[in-house]
Amino acid sequence: MEKSDKIKKAFIEHFLENGAYPTSVYAFTKKLKMPEVEFYEFYNSFELLESSIWLDFFKDTVARIEGDSVYSGYSVREKLLAFYYTWIEVLKENRSYASQTWRLIDKRKLKTPTFLTDLKVAFKDFTRDLVMEGKESKEVQPRKYIDERYPDALWLQLLMVLDFWVKDRSKGFEQTDAMIEKAVNTSFDLMASSALDSVLDFAKFLYQNR
């Protein structure tokens, strides 16, 4: 096991056993029988360490879906569905840690939690590529300025999926699977159809004639 992975594993174990970060990097590395300076070779803080862990969940998900020979032939809608389903499978392998981390954040704050910052950047890059592909395949309707915001909307959708899954008590998390399908279908129906254009045109009319 690489040293960085050893640090991540020990951090997750401590978090699950204590429900909080270690008291200090010194105490943490002492328990690992590792010089404190070695921790800083990889991470500047526990917050950045945790962000790296969540980014690993994303990278693992992408590696799995792209490793499937049929993935490249999927429509953009199917690719996002595949991502969500696989992402939940990755999180299931780490449910205690993922759910406990999510429950501890203050949902009232609009700011992205530190532990999700790297994931947010990676996911928005991923969905930005999907949107561009969708525009080329006509699955996504080009809309000046608005389609640039789709990755932001899909990021909020990802957080909704995560929150739903953490609270899901159904057998095999089957309700989460159903929620994912409905969420993705709804978002692509809006991005692809003229329905959104009608709503936007109506909103523009009301604004101009108020």
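Parameters and conventions
Residues numbered from 1 in each chain as written. Predicted model: local features only at pLDDT ≥ 70, side-chain atom pairs only at ≥ 80, totals over all residues. Heavy atoms only, no water. Helix = DSSP H or I, 4+ residues; strand = E, 2+ residues; numbered from the N terminus. Buried < 20%, exposed > 50% of the residue type's maximum accessible area, 1.4 Å probe, protein only. Contact = heavy atoms within 4.5 Å. Core = buried A, V, L, I, M, F, W, Y, C linked by side-chain atoms within 4.5 Å. Salt bridge = Lys/Arg side-chain N within 4 Å of Asp/Glu carboxyl O. Phe/Tyr/Trp six-rings, centres within 6.5 Å; stacked < 30°, edge-to-face > 60°. Axes fitted to C-alpha atoms, helices over the stretch in contact; angles between N-to-C directions. Parallel < 35°, antiparallel > 145°, perpendicular 65-115°, else oblique. Left-handed = near helix turned anticlockwise from the far one by under 90°. Nonpolar A, V, L, I, M, F, W, Y, C, P; charged D, E, K, R; others polar.

1. Comments concerning the environment of Q100
- Along the chain, the position of Q100 falls in helix α6 (residues 95–103).
- Judged by its relative accessible area of 23%, Q100 falls in the partly exposed class.
- Residues Q100 and L16, spaced 84 residues apart in sequence, show a C-alpha to C-alpha distance of 7.9 Å.
- Apart from residues lying up to four places away in sequence, Q100 is in contact with F15, L16, G19 and R95.

2. Details of the nonpolar core
- Judged by nonpolar contacts, the single largest core of 60 residues is most densely connected at W54, F58, F83, Y84, W87 and L91.
- Looking at this core element by element, the count peaks at 10 residues for helix α5 (residues 76–92).
- Those residues in contact with W54 that lie beyond four places of it in its chain are W87, L91, Y97, A98, T101, F115, L116, L119 and L162.

3. Observations regarding the pattern of salt bridges
- Considering all chains together, one arrives at 13 salt bridges under this definition.
- Its salt-bridge partner being K9, residue E13 comes within 2.7 Å of it at the nearest N-O pair. Of this pair, E13 and K9 both sit in helix α1 (residues 3–18), four residues apart, which is roughly one turn of that helix.
- With a shortest N-O distance of 3.3 Å, K135 and D147 are connected by a salt bridge. Of the two residues, K135 sits in helix α7 (residues 117–136) while D147 sits in the loop between α7 and α8 (150–167), which places them 12 residues apart along the sequence.

4. Details of the packing of aromatic side chains
- Applying the stated rule across the entire model yields 26 aromatic pairs.
- The interplanar angle of 55° and the centroid separation of 5.9 Å between the aromatic rings of Y21 and F46 together place this pair among those described as tilted. Of the two residues, Y21 is situated in the loop between α1 and α2 (25–31) and F46 in helix α4 (residues 46–66); the sequence distance between them amounts to 25 residues.
- Among the residues examined, F46 registers a relative accessible area of 8% and is labelled buried.
- Relative to F173, the ring of W165 lies with its centre 5.9 Å away and its plane at 50°, an arrangement referred to as tilted. Summarising the burial analysis for this pair, W165 and F173 share the class buried.

5. Focus on the environment of M179
- Relative to the elements of secondary structure, M179 occurs in helix α9 (residues 174–192).
- Given a relative accessible area of 15%, M179 falls into the buried group.
- For the pair M179 and M160, spaced 19 residues apart in the sequence, the C-alpha separation amounts to 9.5 Å.
- If sequence neighbours within four positions are ignored, M179 has contacts with M160, V161 and F164.

6. Remarks on unusual backbone geometry
- Phi angles above zero are rare outside glycine, and K33 is one such case at about 60°.
- Mapped onto the elements of the fold, K33 is located in the loop between α2 and α3 (36–39).
- Classification of K33 by relative accessible area gives exposed; the value is 77%.
- We note that F173 has phi near 55°; this positive angle belongs to a residue other than glycine.
- Its place among the elements puts F173 in the loop between α8 and α9.

7. Comments concerning the packing of α8 against α9
- As a packed pair, α8 and α9 sit with axes 10 Å apart at the nearest point and diverge in direction by 165°. Classified by the angle between their axes, α8 and α9 sit roughly antiparallel to one another. Regarding α8 and α9, the two cross each other, and that crossing is right-handed. On α9, the residues touching Y150, L154, Q157, M160, V161, F164 and W165 of α8 are Q175, T176, M179, I180, A183, V184, S187 and M191.
- Its residues placed into classes, the contact of α8 with α9 shows 11 nonpolar, four polar and no charged.

8. With respect to the packing of α4 against α5
- Contact geometry of α4 with α5 gives a least axis separation of 9 Å together with a crossing angle of 125°. With respect to α5, the axis of α4 lies oblique. As α4 packs across α5, the resulting crossing turns out to be right-handed. Residue-level inspection shows W54, F57, F58, D60, T61, V62, R64 and I65 of α4 in contact with α5, the latter providing A82, F83, T86, W87, V90 and L91.
- Of the residues in the contact of α4 with α5, the class split is 10 nonpolar, two polar and two charged.

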